[in-house]
Amino acid sequence: MKTLIDHLSQYADYHRDPRNIHTHFVGVPMIMFAVVILLSRPTWMVGAVPVSPALLAALAASVFYFRLDMRFGLAMAALLAAMLVGGQWVAAQTLAVWLATGIGLFAVGWVIQFVGHYYEGRKPAFVDDLVGLIVGPLFVVAEWAFALGLRKEVQAAVEERSGPVRLRTGQQAAAHPQ
């Protein structure tokens, strides 16, 4: 099994321009929340617990994150729990509100992502490896941690493999196309 550093470094290879990372701070949570919203229907009550495809996916994702790292796993589980609460609320609205919110967030989130990758000069990581779809949210949380001065050892290990975050100019982007 790949380690936390393996996954973050592989994903970071596609995300070294700070403008791309900043678009991910907005786009990835929008996409993640959209998926939670769209998977929050149908819901079955198991005792007092509402069970939906969103809950099952969040539990599976949390297991993945916890196996990589306990601290990031806790952060991701807390984030997913908050999104599940919001997703359940949106799913309880009318069909039109549920679909418009979920599809709208999903579409706008992807537009933001592709703007970031335009600056990066590279295609999104998931194009080469679908695991990037689950690593992306973890990467965003890790980048927030790094910005707050946390997990410097993880940041150093990722930068050792993928290089530092750097602003790509037009010439650099043209020299390293997708």
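Our subject is the structure that appears above.
Residues numbered from 1 in each chain as written. Predicted model: local features only at pLDDT ≥ 70, side-chain atom pairs only at ≥ 80, totals over all residues. Heavy atoms only, no water.

Glancing now at the packing of helix α1 (residues 4-12) against helix α6 (residues 132-147). Across the interface, α1 lies against α6 with an axial gap of 10 Å and an inter-helix angle of 95°. Taken together, the axis directions place α1 and α6 in an arrangement best described as roughly perpendicular. Contact with α1, carried on its side by Leu4, His7, Leu8, Tyr11 and Ala12, involves Gly132, Val135, Gly136, Leu138, Phe139 and Ala142 of α6 and no other residues of that element. When the residues that make up the contact of α1 with α6 are grouped by side-chain class, the tally is eight nonpolar, three polar and no charged. (Axes fitted to C-alpha atoms, helices over the stretch in contact; angles between N-to-C directions. Helix = DSSP H or I, 4+ residues; strand = E, 2+ residues; numbered from the N terminus. Parallel < 35°, antiparallel > 145°, perpendicular 65-115°, else oblique. Contact = heavy atoms within 4.5 Å. Nonpolar A, V, L, I, M, F, W, Y, C, P; charged D, E, K, R; others polar.)

On to the packing of α1 against helix α7 (residues 152-162). Running from N to C, α1 and α7 point in directions that differ by 50°, and their axes come no closer than 9 Å. As the angle between them shows, α1 and α7 are arranged oblique. The two elements α1 and α7 cross, and the hand of that crossing is right-handed. Contacts between α1 and α7 involve Leu4, Ile5, Asp6, Leu8, Ser9 and Ala12 from the first element and Val154, Ala157, Val158, Arg161 and Ser162 from the second. (Left-handed = near helix turned anticlockwise from the far one by under 90°.)

The grouping of Val111, Val115, Tyr118 and Tyr119 at the surface amounts to a nonpolar patch, some 420 Å² of accessible area in total. Relative to the assigned elements, Tyr118 resides in helix α5 (residues 95-120). The exposed category is assigned to Tyr118, whose relative accessible area is 68%. (Patch = residues over 30% accessible without salt bridge, like charges linked within 9 Å, V, L, I, M, F, W, Y side chains within 5 Å. Areas by Shrake-Rupley, 256 points an atom, 1.4 Å probe, with all protein chains shown as cover. Salt bridge = Lys/Arg side-chain N within 4 Å of Asp/Glu carboxyl O. Buried < 20%, exposed > 50% of the residue type's maximum accessible area, 1.4 Å probe, protein only.)

Once that is clear, we can look at the nonpolar core. Membership of the largest hydrophobic core comes to 35 residues, with the highest contact counts inside it found for Leu4, Leu8, Tyr65, Phe72, Leu138 and Val154. Looking at this core, the elements with two or more residues in it are α1, α2 (18-38), α3 (53-68), α4 (70-91), α6 and α7. Counting residues per element, this core draws most heavily on α6, which supplies eight residues. Contacts of Leu138, omitting those with residues within four sequence positions, involve Leu4, Leu8, Tyr65, Leu68, Phe72 and Met76. (Core = buried A, V, L, I, M, F, W, Y, C linked by side-chain atoms within 4.5 Å.)

Any functional reading would require information that these geometric values do not contain.
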